[in-house]
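Summary of structural features
Chain by chain, the residues run as shown.
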Amino acid sequence: MFFMLFTALYYIFRLFISGIAAAVFSTVPALFLFFLLKDLSALPVLLPAMILGVVLRLAIHFISNREKKLLYAALILDIIALALFIGRSSFTGDNPAEKVMCICLVALTLSAVQTFFYESNSFPFPIYYFLIIAIITMMIPMKKEPIDWNKAVDLGQRFVYRIESIASDISYRFSFAFGDSYTAGYSSFTSTGKKIVEGERTQLIIETGEKPYYTYLDEETGKNKKLRKTLYLAGGRGADKVQFAKFIAFLHAYDIDRDRVFAFTEVSNIELEYAYIDTKDVIVPSSAFLITEGEKKVEEGISAKQHKKGYRISAKYLDIDYANPNLIAMIKDAPAEISWLTYDEACNYVDELWGLQFTQIMSRDEYESAASETPSGAGNEYLDVTGADSELKELSDKITSGARNDYDKCRLLEEYLRQYSYSKDAVGGYNPDSNMSTAEGMADIAKRFLFETKKGYCVHYTSSMVVMLRLSGIPARAASGFRYAFPFDIKDKYEVSSSCAHVWPEAYIENVGWIPFEPTAAYYALSNTSWHRSSNDADNKWTSEYHSGINPYDSSKASVKVDEDEDEEEEKVSVLLAVKVFLPTVVFTVAVIIMLVLGIYLIKVLRYRYGTPRQKLFYDVEQIKRILIKHSGGKLTDRGLLSDFKEAAPEDIREELGKVFDVFYRVVYGNGDSIEPTAEENELAFEMRKKLMR
Amino acid sequence: MKITIIKKGLIVYLAALTAGIVFASFYGGPVAYAPLFALLSIIPVSIIYIFLNYAFLRVYQEVEVHKLTKGEDHKYRALIENAGVLPIHNMEIGTFKSRCNLYEIPDKTKLSLDIHEKKELFSGVNCLFAGVYDVGIENVSFTDPFHIVSATFNIPYSFRAVVKPRITEIAGKTLDLENLYSSRGRKSERLLEDTPGNDIRPYVKGDSLSAVNWKVSAKASKLMVRVPDKMEKRTLSILMNADNTPESEQDTDFLIKRDYFLEFVVSAAWLFGNQGIPVNIVYPAGVVREQFVDSRESFMEFYNTVSDGVFYSSDLEYNKICNLEKACRSNKNDRETWIVITENPGAGENFISICD
């Protein structure tokens, strides 16, 4: 650093004085630095470094043919640096001096290579060029890690998928002509857990009039905040009316009224359109209770025929905040036995809670049949633990040992699994054919994941949780579909890509029903995504709307509790943004422009004032030419002949201007000692310029 | 400005850059990134360096005489100065080699200049064509240190030479003087021919016998002769139909044609002048001008004006010449003989047309 400093000073001084004097003078600042640094105990290395810099600067100046010798030295230093870097892991970049040293070495090496290979070792390119490169390189931050190509690979993949998507669209359109069915990658229970590559192909398109986020008041900051909505879309299940009916009975058992239910439930509507997906499965929100295709109700979860691109359905579903403390408390303390309501009671209760027409959801026969036929608990298939060994059993017992209820067991297992690393670069079960369609397959995947690889993605987490839940005596199942996190921006359409494909476990809590969990570490657990609503909120706009006869669920425009506040907040935010960001930016930009203009003007003035008579004359003539070109309105062009400018000048100053131009020609082309302009001639040129400016 | 990519240099550079990227893909830290970033900055820095070199380059050129003559050697001097703060390395100087011979400054001469350094180049210059055109240094080329890219710039101030045409026998071989002499033309105010007059004086030794007025001699009983009157000689007109090619498009082919055109016209004027035939020449020198050549002085005036440049200040002047040419060809002015010399004859046209 000190050597570079003295070298830089040397080059500056050399503009004014001879080489040897410049070399000596360049080290003069070292004297001042010596007195400054001699008592600096914090960095004792500085003083010797400075002395070394001075010695090197002086020594190098007096070495004959020093450039060439330095270049040889640079090549040797390169080899040493590389050997130390690879062999001893030196120069990691912890110390800024290492970065400076590496850059200096690179600049010298480039200069050496240029001299040897491009100039035949004779006349090197000026070192200034390599110094500029070194300075620019020094300004760029350097990481300790190698280049991360993932982003580039992702970008490439996106591009490829976009092309693929267009190709798919074309092939899809043409497939009808040849009677062939279109095939795209909808995930299913056939997932084996092997390494996957995410796709960006759009598989579903969601349309909704609701805002894609919840808004709540943050108690800590006192500000309104947004929380993105996350939608779990399950395939092959359809509208689970029995689950809906059970949930009503559960709420009724706690005597939940409209105010309380609003804190953790919300009825929502969405329109779904199939894109590049070929499946018979009906894919809808996991807690959908009403699905229609046009005017027709869709009853089955799996249709008889394949759904093509453009297949549209609308779904009404109950969005439940499973992280709401009240709901968690109710689930934990679920009553041992719940009696179903009569159909009429259910109709009234649903109407009271959400203003929904229960008759549109379930007919009396359907309801009564469900109430009489649905046995207590889930089916035995949800407790199937085929393939699970004692090791898995021990682990699940160990995890759930402290739990007081089934819900706690579920949460403990979820928390335990979330500790595992998320990775798409995973392996499946020991048996390569193991998949999630059977209990045995899930157990095989879980064993390898839990005890061997300890990394995986949703298939591994879900298989493990389902198996361990069953081993703990809790009926469990895996749901397959998509997990879609809405963006904050309100859009007309939301595209669900194949990268959103997901599987997650659901546990059956007695007298509550199926509850989803999220053990996959890459995503927020459902328990961490509370809407932050309390029952008091129901006293606000929502209830007032309801009381005034507006049913918020009749249309797709379901109200969100703080719409107006949100708009105001947005307005405040935009004003704040304008004040905090744009204003300083504008002020700063204007200030920079003014400083630049003033700086340039100042430099011009100083250069003129302290310039040589020749420089002053050149500047004046140049300005005179500019003024005359400007006055001519573009008619006058600079052909390099000052006589043109003389003719274009006003007649009264033409003669004097001619004298100035004569002096200019004398200075440029003249030979001998007396060609430099005199003070009077400079004065004349200055006067001419001023006259023309006026 | 012309930018050229040098393939060999580019391939070597890309190979080095690839090696740098591969190395930085496996190792982090300054040892890996410093060479990579330095390699990446080579091209932008080179481009900026070249532009700065050019921006601060000053080239002044001069020749010992104001007007040059085609085929004659003159002293030429070029002053090249680097007014910038970055040295200029191996700048290539390109000359107008197709227009002039610069004996001591061959084309592609390489020159390096340190900060604020100036160098003088001396040479003899021999212009190959008559006319007004740029000679000397045409452009300068800069190349980056690793020979990846090369930029060629025309120098800001070219040296514009005024080259006088040579007077040769070229016109005499083409024009049929005997026929032209006998045809009708204008009268010269200075060149007069003798015709028998009405004044009578006594015969003196040396008078022509044909001048003797025998009738008066008989009456006066001594030889009396008629005093001759002076009559204006008949003349010709030459119309110079110069090409109206814009200056920016005046290439070597144009200069060759212009050279022949000027040489022919001045040779013709010289020839007619020598033969004692007055010539009226109509030509464009910014505006359409008319020059009567009937003496050495008037010829020199014409010669100097034509050497300064044959050009049209506007399309209006060109149209004037074109209209005049049409009028000559249609022989509307039957009292004069016109020689129309067309610099760039079109299809079916001749370089010389005689309209009488």
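Definitions and limits used
- Residues numbered from 1 in each chain as written.
- Chains lettered and ligands numbered in written order.
- Predicted model: local features only at pLDDT ≥ 70, side-chain atom pairs only at ≥ 80, totals over all residues.
- Heavy atoms only, no water.
- Helix = DSSP H or I, 4+ residues; strand = E, 2+ residues; numbered from the N terminus.
- Contact = heavy atoms within 4.5 Å.
- Core = buried A, V, L, I, M, F, W, Y, C linked by side-chain atoms within 4.5 Å.
- Buried < 20%, exposed > 50% of the residue type's maximum accessible area, 1.4 Å probe, protein only.
- Buried area = accessible area lost by both parts, 1.4 Å probe.
- Nonpolar A, V, L, I, M, F, W, Y, C, P; charged D, E, K, R; others polar.
- Pairing = 2+ DSSP bridges.
- Axes fitted to C-alpha atoms, helices over the stretch in contact; angles between N-to-C directions.
- Expected span 1.5 Å × (residues − 1).
- Parallel < 35°, antiparallel > 145°, perpendicular 65-115°, else oblique.
- Disulfide = S-S within 2.5 Å.

Brief notes about the overall build of chain B
- Scanning chain B from terminus to terminus reveals eight helices and 20 strands.
- Contacts in chain B between residues far apart in sequence, at least 24 positions, make up 70% of those at least 6 positions apart.

Some details on the nonpolar core
Residue and element names in this part refer to chain A.
- If you look at the biggest cluster of nonpolar residues, it comprises 71 residues, and the most contacted ones within it are Phe250, Leu251, Phe264, Leu327, Trp354, Phe358 and Leu450.
- Broken down by element, this core gets its largest block of residues, nine residues, from helix α18 (residues 458-471).
- Look past the residues within four positions of Phe264 in its chain and what remains in contact with it is Phe247, Leu251, Ile256, Asp319, Ile320, Asp321, Asn324, Leu327, Met330 and Trp531.

With respect to unusual backbone geometry
All names here are of chain A.
- The residue Lys454 is not glycine, and still its phi comes out positive at about 60°.
- Among the structural elements, Lys454 can be located in the loop between α17 (439-453) and β13 (455-456).
- Among the residues examined, Lys454 registers a relative accessible area of 46% and is labelled partly exposed.
- In this model, Asn511 sits at a positive phi of 70°, which is unusual for a non-glycine residue.
- Among the structural elements, Asn511 can be located in the loop between β16 (501-509) and β17 (513-516).

With respect to the interface of chain B and chain A
- Contacts between chain B and chain A engage 42 residues on the former and 47 residues on the latter.
- In total, chain B and chain A occlude about 3900 Å² of area from one another, counting both sides; carbon and sulfur atoms represent 72% of this.
- Contact with chain A buries area across many residues of chain B, yet B:Pro30, B:His89 and B:Phe146 alone supply 16% of it, more than any other trio.
- The element best represented in the side of chain B that touches chain A is helix α2 (residues 30-55) of chain B, accounting for 13 residues.
- Split into classes, the residues belonging to the side of chain B that touches chain A amount to 25 nonpolar, eleven polar and six charged.

Here's the deal with the sheet that holds strand β12 (residues 159-164) of chain B
All names here are of chain B.
- The strand order β3-β12-β9 describes an open sheet built from three strands, whose pairing is mixed. Lying at the two open borders of the sheet, with one neighbouring strand each, are β3 (67-69) and β9 (131-135). Averaged over all adjacent pairs, the angle separating strand axes in this sheet is 45°, with direction ignored.
- Its contacts with the sheet put helix α7 (residues 296-308) on β3, β9 and β12, and the angle it makes with β12 is roughly 150°.

Quick notes on helix α7 (residues 127-139) of chain A
- The end-to-end C-alpha distance of α7(A), which contains 13 residues, comes to 19 Å, matching closely the 18 Å that a straight helix rising 1.5 Å per residue would cover.
- Against the buried residues of α7(A) lie α1 (2-14) and α6 (96-118) of chain A together with α2 of chain B.

Remarks on the packing of helix α9 (residues 241-253) of chain A against helix α11 (residues 325-332) of chain A
Residues and elements named next belong to chain A.
- Put simply, α9 and α11 touch, their axes get as near as 11 Å, and they point 95° apart. Considering their axes alone, α9 and α11 lie roughly perpendicular with respect to each other. Note on element contacts: α11 touches α9 through Leu327, Met330 and Ile331, opposite Phe247, Phe250 and Leu251.
- Across the contact of α9 with α11, the residue classes tally to six nonpolar, no polar and no charged.

A few points about the state of the cysteines
Residues and elements named next belong to chain A.
- Following the criterion strictly, the structure yields zero disulfides over all chains and no others.
- The thiol of Cys104 is unpaired, and the distance to the nearest cysteine sulfur, on Cys102, comes to 9.3 Å.
- Judged by its relative accessible area of 21%, Cys104 is partly exposed.

Observations concerning the environment of A:Leu108
- Of note, A:Leu108 is situated in helix α6.
- Considering only alpha carbons, one finds A:Leu108 and A:Ala74, 34 residues apart in sequence, at a separation of 6.0 Å.

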